[in-house]
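What follows is each chain in one-letter form.
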Amino acid sequence: MQKLSATTLKYLALITMTMDHIGLLLLNDYTPFRIIGRLSFPIFAYMIAEGCRYTHNRMHYFLRVSILAILCQIVMYITTHSLYMSILISFSLSILLIMSIDYSIKNKHLLLSILSVLLVFFLVSILPKITSTDYQIDYGIGGIILVMMVYYLPEKWRLVGVLVGCLVMSITMTPLQYFSLLSIIPLAFYNHKKGKGHPLPYFFYLYYPLHLAIIYLLASSL
C-alpha cells in the first residue's frame, strides 16, 4: 500500500466524519455510517498534534482553530440551543494545553503545567457532571489525551498513544467508540509528509461548519 500524506489522511477524515454526521442526523443513527465515522476523530487529532509540532506560528494556529470553534458554537447554540461543545473546542483546548506545557517546560514553571492540566480536566471531566445543562465537550478527556500523547511521544510510540486515547474514549463514551481503534490502520501508513494542499485557503477549517450547516438544513426539512 502506498504511503499516505497528511493531506490524504485529512481527506479520509473528512469523508468518514461526513458519513458519521449523515448517519446520525439524516439516517436515524444509521449504525454502519456511525461505525465508519469512528475513524475521523483519531485521524484529525493526530493531525492537530502534527500541526502543533510543525507550525511556524503556534499562536496563529491556536487562534485559527479557536476562533472558528467559538463561531461554530454560537451558530450551534442559536440553532439548537445546545451547550454541547464541538470537536473544535476539544482541539482548541488540546493546543492550548500543549502551548502551556511547552512554555512551562522551557521556562521551568512547573506550576503553570499543573494548573493547565487541572483546568482542562475540570472543563472536560468535572464541569459536565456538576452542571444541570447539556454541557459536554466532544470526545471528552480521551480526546485530549490522544492529542497530547501523539504530540509528546516519540514517533515509534505515537500509534500506541492513539490506541490509549481511543480506549479511554471508548470506556467513557458508547461501545460504538471501540471502532475508533481501527484508525491506527490508515495512520500506520502515514509518511509524515504534508502532501499537496487544497487549492482553497482554509478548506479543512471551513468544511466542518459548512457541512454541518447543510446537514442540519436537510434534517430540518425532512
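Our structure's up above, just so we're on the same page.
Remember, it's a predicted structure, so these values are computed and weren't measured experimentally.

A. Structural detail: unusual backbone geometry. Backbone geometry places Tyr139, a non-glycine residue, at a positive phi of 70°. Among the structural elements, Tyr139 can be located in the loop between β2 (136-137) and α7 (140-152). Located in the positive-phi region is His192, a residue other than glycine, with phi close to 60°. Within the secondary structure, His192 is located in the loop between α9 (184-187) and α10 (203-221). Take His192: its relative accessible area is 27%, and that puts it in the partly exposed class.

B. Broad picture of the nonpolar core. Within the largest apolar cluster, 51 residues are counted, with the highest numbers of intra-cluster contacts made by Phe41, Phe91, Ile95, Ile144 and Leu146. Looking at this core, the elements that each hand over two or more residues are α1 (6-25), α3 (40-54), α4 (58-80), α5 (87-107), α6 (110-130), α7, α8 (158-172) and α10.

C. Main features of the packing of aromatic side chains. The final tally for this structure, using the stated rule, is 9 aromatic pairs. Ring geometry for Tyr30 against Phe33: centres 5.3 Å apart, planes inclined by 65°, an arrangement best described as edge-to-face. By relative accessible area, which is 23% here, Phe33 ends up partly exposed. Each ring, one from Phe203 and one from Phe204, has its centre 5.4 Å from the other, and the planes form 75°; the classification is edge-to-face. By relative accessible area, which is 22% here, Phe204 ends up partly exposed. An aromatic cluster is present here, built from Tyr11, Phe203, Phe204 and Tyr207 joined pairwise through their rings. Note that Lys10 overlies the ring of Phe204, its terminal NZ or CZ placed 5.4 Å from the centroid.

D. Examining the packing of α4 against α5 more closely. Orientation of α4 relative to α5, taken along the N-to-C sense of each, is 150°, at an axis distance of 8 Å. It follows from the interaxial angle that α4 and α5 lie roughly antiparallel. Remark: the crossing between α4 and α5 carries left-handed chirality. Residues Arg58, Met59, Tyr61, Phe62, Val65, Ser66, Leu68, Ala69, Cys72 and Gln73 of α4 form the contact with α5, whose participating residues are Leu88, Ile89, Phe91, Ser92, Ile95, Leu96, Ile98, Met99 and Asp102. Grouping the constituent residues of the contact of α4 with α5 by class yields 14 nonpolar, 3 polar and 2 charged.

E. Structural context of the pattern of salt bridges. On inspection of all chains with the given rule, the structure shows 6 salt bridges. Residue Glu50 pairs with Arg158 through a salt bridge whose shortest N-O separation is 3.9 Å. Remark: Arg158 occurs in helix α8 and Glu50 occurs in helix α3; sequence separation between them is 108 residues. Overall, the relative accessible area of 4% leaves Glu50 in the buried class. Overall, Arg158 belongs to the buried group, its relative accessible area being 8%. We note a salt bridge from Arg58 to Asp102, for which the minimum N-O separation is 2.8 Å. Taken together, the residues Arg58 in helix α4 and Asp102 in helix α5 connect sequence positions 44 residues apart. Each of Asp20, Asp29, Arg34 and Arg38 takes part in one network of salt bridges that share partners.

About the thresholds
- Residues numbered from 1 in each chain as written.
- Predicted model: local features only at pLDDT ≥ 70, side-chain atom pairs only at ≥ 80, totals over all residues.
- Heavy atoms only, no water.
- Helix = DSSP H or I, 4+ residues; strand = E, 2+ residues; numbered from the N terminus.
- Buried < 20%, exposed > 50% of the residue type's maximum accessible area, 1.4 Å probe, protein only.
- Core = buried A, V, L, I, M, F, W, Y, C linked by side-chain atoms within 4.5 Å.
- Phe/Tyr/Trp six-rings, centres within 6.5 Å; stacked < 30°, edge-to-face > 60°.
- Lys NZ or Arg CZ within 6 Å of the ring centre and 35° of its normal.
- Axes fitted to C-alpha atoms, helices over the stretch in contact; angles between N-to-C directions.
- Parallel < 35°, antiparallel > 145°, perpendicular 65-115°, else oblique.
- Left-handed = near helix turned anticlockwise from the far one by under 90°.
- Contact = heavy atoms within 4.5 Å.
- Nonpolar A, V, L, I, M, F, W, Y, C, P; charged D, E, K, R; others polar.
- Salt bridge = Lys/Arg side-chain N within 4 Å of Asp/Glu carboxyl O.

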